[in-house]
Structures are given as structure tokens and as C-alpha cells.
Amino acid sequence: MGNQNEVWGAQLKKFRMTTGLSQAKFSEELSLKIANLDASKKESLEKIGLSYDFLDNTELSRYENGKRLPRYRSRYIFLIWGLVELGGIKSIEEANDWLFLVDQSYLTESETETIFINNGINPSIPTQSFSNEGNPKQIVPSNSLTLWGIGLGILLLLLVFGFLFRGQFFGGDQPTAITESNNANIQAKAEPEQVEVAPTATEIPPTAIPTDTPTATLSPTETAVPATPTEVPPTEEPQQEPAESLTALISNFDNWKSNASGEAVQNIEIKDGRMCSTILKNSIYPWELRLTLDQVPLDELTAYELSFKVESDVEGSVTVSWANDGEDGVGYLYSTQPLIAGINEIKIPFTQTVADPETTLKFWLGRSGEGVVCFEEVALNPIGTIDATAVGEPVSAASLIKKGDFSKGGLERPWWMFEEGIGAFRITVEDHQLCGQVIKPPPNLWDLTLGQHEIMMMPEGKYRLTFDVETDRDMDLLVLLKSNIHTHLDETTTIQTGSTQSLSYEFSSEIEDSATFSLRFGGQDGKICFDNIELLPIVEQ
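What comes next is a walk through the structure. What you see is a predicted model; the values in this text were computed from it and never measured.

1. Some thoughts on the packing of aromatic side chains
- Within this structure, the stated rule accounts for 21 aromatic pairs.
- Taken together, the ring pairs in this structure connect Trp-8, Phe-15, Tyr-63, Tyr-76 and Trp-98 into an aromatic cluster.

2. Things to note about the side chain of Glu-64
- Residue placement: Glu-64 occurs in helix α4 (residues 57–64).
- Judged by relative accessible area, which is 6%, Glu-64 ranks as buried.

3. What about the state of the cysteines?
- Per the counting criterion, the structure on display carries 2 disulfides.
- Here Cys-276 connects covalently by a disulfide to Cys-374, the sulfurs 2.1 Å from one another. Between Cys-276 and Cys-374 the sulfur-sulfur dihedral comes to about 115°; the bridge is accordingly right-handed. Remark: Cys-374 occurs in strand β10 (residues 371–385) and Cys-276 occurs in strand β3 (residues 274–281); sequence separation between them is 98 residues. Side by side, Cys-276 and Cys-374 carry an identical accessibility label, which is buried.
- For Cys-435, the disulfide goes to Cys-529, at an S-S distance of 2.1 Å. Of note, the bridge from Cys-435 to Cys-529 carries an S-S torsion of about 110° and is right-handed in sense. In this pair, Cys-435 sits in strand β14 (residues 433–440) while Cys-529 sits in strand β21 (residues 526–537), placing the two residues 94 residues apart along the sequence.
- Classification of Cys-435 by relative accessible area gives buried; the value is 2%.
- Sequence-ordered numbering of the bonded cysteines in the protein gives a disulfide pattern of 1-2, 3-4.

4. As for the side chain of Ser-312
- With respect to the element layout, Ser-312 can be found in strand β5 (residues 302–312).
- Residue Ser-312 is classed as buried on the basis of its relative accessible area of 5%.
- Contact partners of Ser-312, with chain neighbours within four places excluded, come to Leu-339, Ile-340, Ala-341, Gly-342, Asn-344, Val-372 and Val-373.

5. Comments concerning the sheet that holds β5
- The strand order across the open sheet formed by 5 strands is β2-β3-β10-β5-β8, and the pairing between neighbours is antiparallel. At either end of the open sheet lies a strand with only one pairing partner, and these are β2 (265–271) and β8 (342–352). Here the strands of the sheet are splayed against their neighbours by 25° on average, with no regard to which way each runs.

6. Here's the deal with unusual backbone geometry
- Between Arg-413 and Pro-414 the backbone carries a cis peptide bond, its omega angle lying at 15°.
- Structurally, Pro-414 can be placed in the loop between β11 (411–412) and β12 (416–419).

7. Overview of the sheet that holds strand β15 (residues 448–457)
- Strand order in this open sheet of 5 strands is β12-β15-β20-β17-β18, and the pairing throughout is antiparallel. Looking along the sheet, the strands with just one partner apiece sit at the ends: β12 and β18 (487–495). Geometrically, the sheet is characterised by an average inter-axis angle of 20° between neighbouring strands, direction not taken into account.
- Across 8 bridges, strand β17 (residues 475–482) lies against β18 in antiparallel orientation. Across the sheet, the residue bridging to Leu-477 is Thr-493, located in β18.

8. Quick look at the nonpolar core
- Core analysis: the largest hydrophobic core is formed by 38 residues, its most contacted members being Leu-465, Phe-467, Phe-517, Phe-530 and Ile-533.
- If near-sequence neighbours (up to four positions away) are discounted, Phe-517 is found in contact with Ile-401, Trp-415, Leu-450, Gly-451, Gln-452, Ile-455, Leu-465, Val-479, Leu-480, Leu-481 and Ile-533.
- Counting 35 residues, the second-largest nonpolar core is a separate cluster that includes Leu-246, Val-310, Trp-322 and Leu-380.

9. Considering the packing of helix α2 (residues 23–35) against helix α5 (residues 73–85)
- Running from amino to carboxyl end, α2 crosses α5 at an angle of 95°, the nearest separation of the two axes being 10 Å. Considered as vectors, α2 and α5 are oriented roughly perpendicular to each other. Contacts between α2 and α5 involve Phe-26, Leu-30, Lys-33 and Ile-34 from the first element and Phe-78, Trp-81, Gly-82, Leu-83 and Glu-85 from the second.
- Of the residues contributing to the contact of α2 with α5, the split by class is 6 nonpolar, 1 polar and 2 charged.

10. Notes on the environment of Lys-257
- On the secondary structure map, Lys-257 appears in strand β1 (residues 257–260).
- Looking at Lys-257, the relative accessible area reads 37%, which means it is partly exposed.
- Taking the C-alpha atoms as reference points, Lys-257 and Arg-290, separated by 33 residues in sequence, lie 8.2 Å from one another.

11. Quick look at the packing of α5 against helix α6 (residues 92–100)
- Where α5 contacts α6, the two axes come as close as 11 Å, and the packing angle between them is 150°. In terms of their interaxial angle, α5 and α6 are classed as roughly antiparallel. Where α5 crosses over α6, the two elements pack in a sense that is right-handed. Counted together, Arg-73, Tyr-76, Leu-79, Ile-80 and Leu-83 of α5 and Ala-95, Trp-98 and Leu-99 of α6 form the full contact between these two elements.
- Partitioned by chemical class, the residues of the contact of α5 with α6 number 7 nonpolar, no polar and 1 charged.

Rules of the game
Residues numbered from 1 in each chain as written. Predicted model: local features only at pLDDT ≥ 70, side-chain atom pairs only at ≥ 80, totals over all residues. Heavy atoms only, no water. Phe/Tyr/Trp six-rings, centres within 6.5 Å; stacked < 30°, edge-to-face > 60°. Helix = DSSP H or I, 4+ residues; strand = E, 2+ residues; numbered from the N terminus. Buried < 20%, exposed > 50% of the residue type's maximum accessible area, 1.4 Å probe, protein only. Disulfide = S-S within 2.5 Å. Contact = heavy atoms within 4.5 Å. Pairing = 2+ DSSP bridges. Axes fitted to C-alpha atoms, helices over the stretch in contact; angles between N-to-C directions. Core = buried A, V, L, I, M, F, W, Y, C linked by side-chain atoms within 4.5 Å. Parallel < 35°, antiparallel > 145°, perpendicular 65-115°, else oblique. Nonpolar A, V, L, I, M, F, W, Y, C, P; charged D, E, K, R; others polar. Left-handed = near helix turned anticlockwise from the far one by under 90°.

Right under this line is the structure:
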């Protein structure tokens, strides 16, 4: 699989280099393309199930270096669309050969029409039956792939021949003296390729929300203690890292990075213990202006409070995203806080059920308006512990909705959270319930959405959706399971405050479909918590 990743990633890099753009510039230009999509083009892309959320250059770097492959076909189609738009892929054959490398089926007729023909590119489509779209077993590689395979075989034979006769032709057995200069060269070659990565915002986007890869260095804050003859009893609990060391880490603004994407522009200045962003051009999405700190360790079964002051000369919002941005990333905290003109003192509690030494803290300033926003007195303090026995029953592994028990203490992929409109809310996990606290409600029910993509529904199938929900006041909840071509479930329920309610919905699916499941609860104040979300086929006896 590693070799498959590398070959596919190398081809992606070639396509990207054909555009003449660096990784960061490619991501930026693609974000502009997405932001400027008109309604008709959005509709055509949605009809082929294309996910047109933005591409973070950290994600792009991982792809190009063979570190990972996209999990879903929609991401492959998104990359092909972006490369076609920016001139990296120029023919249907190039796209299909690239899909073949990772056992993906050729582009369907509808995908070909939307990505190529609608852009004025009329490719000669290779012979292939489209009667069973999406089945990789019915793929016949193109001539270019066959030639590529023959060339690789000849290259391997030449390498074997060179190895067997290296002593006669290359002096392969002669010892080589290692001097300081060539030793440095060897070490340099052994180092992994340095990737041009600027800190960026987590596809959430989700889907995709964006990721950053700055490196943070924690200055030592503890002094060595001389050894003493007194032994620590084996039953004694290890001492927790002092809270001030975490505060020292996150309050050292020299460790932070900044970045902007899309059309957003900001200048960063660190002075007199404050980190200030001068927003020169506002953005569409909150994550397009970012301040980021990487490698922040969090302990398991610990309740924390993040606090900071923000002085702003504009009214807007700051979103705090705290997550692990790895391949199977988990979001531990997602909180949008309103900013008033003046000094804002913000305190955000959250719980951490698992230990994670590589979390990333981000402040997102998109939608804040043009002006100056300054942070100071950033602190992180443990405020308590969590009962390890307070763990809910895990949902069935057969559930079409994954990770609905929130057992890792965060919003794990494939879950995503989406906000629209100017609102403020906080997403946390409390006692293995995923909770959304609406602080300043956006105007509409659909403006706050929790969901998962690519829920595969079968024709004439019967299903049961169940989950537990609890609120601190009466709240409306829209439960939706639909794609661009069919709605399977659309129910609005009023959740009564007072106790946990177990909801159950039974419905039938008329067609085979890749649908999106979502829970929507914008447009109202209050706190709502979800647990044990499960979608199972009903097997009739």
C-alpha cells in the first residue's frame, strides 16, 4: 500500500507542478475557485456528489509525499476537478490512469461531462462500459499505464544487473573514507524532504476542516531534583505536569504561526506580551485567518479551562479549534465566541478523556471585519478530573453512522461540524455525550449542523435511526438524511427539557444512494447533547 500511495502521490505532484503553482499557491488558487463558484456550477458539481470544500496545503503535502490516500471517492473527484480547473490535468486519459493507480473506477459519464466537457474540453473517452459505475473490477488500464509498467520492469532488471557486477564496473567493494563533508552530505540525503507547509485551517471540513503543521518547542520549566535515598511507594500516583508549564507553552507567542487563505490578508505583530492580527482584508469563512500552535499535550480524564483576553476594535467573532490534525484526527473543542469592540475576557471549559501529546490549538478570525485583534494572557488550567467509569455503551460496529458513541472524547472523523451566519456556539464532549452550547444563535435552524457524509443506502431497504438527546431548554431539532437526488428522512422534532430522550425513526430507502446525515439546531439559544447515534438496516424475519 505504501508504494501505491507513493506512486499516486508522485503523479499528483507532477500534475500540480504542471500548473506552475507551489503547494501553498495551489491551495490558495483552488480556494478562490471554490469561493467564486456560481449557483449553476455548484449544482452541477453536487449532482456528481463532488465535495468542493477547500484543500489545505498540509493535506496536499501528505498526499504528494505518499503519506496517505483520500478515504472517499468524492475527494479523488474533487482533486481531479481542481487540477483540471488550474491546468494540471488536460485529458480524460490522464485522470483515468491516475484513478486506476488506487483501484478507483474510471470517471463516469456524468463526472466526465461535468469536469471536462462543461469546461470546453472534449476528450476522447477510452472504451469502457459505464453500466456499473463505480466498480473498480471492470477497469482496463490504458496503453500509457501498460508502457509505464514495462519501463519499470526494465529499470528493475538494470538495477539487478548493476548490483551483481558492481565490483567489476563500479569498484563497489572499495572502502570509502567518511569525511566531515561527505558525512554531512549523507546525513542531508537521509533527512526527509522538507515540505513547503504553511499553517492552514481543518476541513472541517469538513469535512472538511483544515490543518496546520508548525512545530512548537516547549521550553523547560522544571529544575532537576537531586536523587535521595527515599523511595517513592509503588502505589503513589505519578505527579501531574504543573499547570503553569502548559500555560507557559501556549502563552509564548513566539511558538505560534499565522496564515491566511482565500482572499483574506492579515499582518501579525508580537509586542509587549500580546499577539496582534491586523486584518487587512476580510474573509468568507472563519478558518481563512488563522493563528496556530502545534504540539500541545493534553492529559486523559482531565477537565480543562482555556482562558484568554482579546482586545478588538471591530465587532465579530473568534473560533477556537482544538484538535489532533493527524490522518484519523479528533476534534476536542470547537467554540465560536462573539467579539465586541473593546476588551473581551473569554473562558472555555472542556473535557479530555484520552491522552494526546500532539494536539493543535487554533484561533480563527475570519468574518471578524477589517481591524486589529490582539490576544494576551492565554492560559490553560486543569480544573478537575473525569470519572473513568462514566462511559456509555458503544454503538454497534454495523451502524452506518460511525463513531456515534464519542468514546474518544472528541468529534472524530468522519463527523464534521458546520456553521453559517454570524453566530457563536461551543462543541465539547461531556461524559461521552457530544454537546453543542449555543451562545449567540445564528438566524436559521440549518445554520448549525453536525453530520457525516457518504452514508450508503440500498434500494428498497428498511432502516432504523436511534440516538439519545438531552437539552437544557425546549429546542427544535431537524433530523435529515438526504443526497442531492433523494431525501430519505426529514423530520423536525421538539426536544423537551428535563431528561434524556431516546428518539427512534424508521423509514425506507427507495434508491441506492450516497447520502448525508445531519442534525441541525441553529436559530435558538440553549445546550443540546447527543449520544449513541446509530443507523441500522432492519432485517425482516
